[in-house]
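Listed below are the residues making up each chain.
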Amino acid sequence: MTLNVEALENSFAQVKPLAPDFAASFYQNLFTDYPQVQPLFAHTDMSEQRKHIIKALVLVVENLRQLDVLNNALKEMGARHLKYGTIQEYYPMVGASLLKTFEFYLGANWTSEVEQSWFDAYDAIASIMLEGAKEVS
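Below or above, wherever it landed, is the structure these notes cover. (Residues numbered from 1 in each chain as written. Predicted model: local features only at pLDDT ≥ 70, side-chain atom pairs only at ≥ 80, totals over all residues. Heavy atoms only, no water.)

### As for the pattern of salt bridges
Summed over the entire model, instances satisfying the criterion amount to 5 salt bridges. With a shortest N-O distance of 2.8 Å, arginine 65 and glutamate 9 are connected by a salt bridge. Here the residue arginine 65 occupies a position in the loop between helix H3 (46-62) and helix H4 (67-83), and glutamate 9 occupies one in helix H1 (residues 5-15), the gap between them amounting to 56 residues. Residue aspartate 33 pairs with lysine 100 through a salt bridge whose shortest N-O separation is 2.8 Å. Placement of aspartate 33 in helix H2 (residues 19-33) and of lysine 100 in helix H5 (residues 90-106) is noted, with a sequence separation of 67 residues between them. Residues joined by salt bridges that share partners form a network here, namely Lys75, Glu131 and Glu135. (Salt bridge = Lys/Arg side-chain N within 4 Å of Asp/Glu carboxyl O. Helix = DSSP H or I, 4+ residues; strand = E, 2+ residues; numbered from the N terminus.)

### Quick notes on the packing of H2 against H3
Relative orientation of the contacting elements H2 and H3 amounts to 105 degrees, with a least axis distance of 9 Å. By the angle between their axes, H2 is roughly perpendicular relative to H3. Contact residues: Ala19, Phe22, Ala23, Ala24, Phe26, Tyr27 and Phe31 in H2; Met46, Gln49, Arg50, Ile53, Ile54 and Leu57 in H3. In terms of residue class, the contact of H2 with H3 is made up of 11 nonpolar, 1 polar and 1 charged. (Axes fitted to C-alpha atoms, helices over the stretch in contact; angles between N-to-C directions. Parallel < 35°, antiparallel > 145°, perpendicular 65-115°, else oblique. Contact = heavy atoms within 4.5 Å. Nonpolar A, V, L, I, M, F, W, Y, C, P; charged D, E, K, R; others polar.)

### Focus on the packing of H1 against H5
Between H1 and H5, whose axes approach to 10 Å, the crossing angle comes to 70 degrees. Put simply, H1 runs roughly perpendicular to H5. Considering the relative orientation of H1 and H5, their crossing is left-handed. Residue-level inspection shows Ser11, Phe12, Gln14 and Val15 of H1 in contact with H5, the latter providing Phe102, Tyr105 and Leu106. Partitioning the contact of H1 with H5 into residue classes produces 5 nonpolar, 2 polar and no charged. (Left-handed = near helix turned anticlockwise from the far one by under 90°.)

Written as structure tokens, this is what we have:
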């Protein structure tokens, strides 16, 4: 699968200056739309967790042109998430919440091309993370 790197980079650049609000909105969307995932975060410092989601997005976007680096990092992330209790069924929920958050923050710049680019990227991210989780299970 070929990712639209330019669309991903450009759209992320638009939300990055709003990172704290973006992250808070992401978790609000996730917990509102999918309350079944909230127990995973029962003992989590959410201010730190919001920083982690932004760091993960930065990692992805900054390494879209270095797929070997990105692949290894995502496999490791998938293995870590397995230890936190993340199951395969949660990945689509996270993806839907992420896209919903991007749509809100990008507003008129959330075009069908940008939506498809993030859908494809998240699909690839989730697949690689799940591969990493399977390698340690």
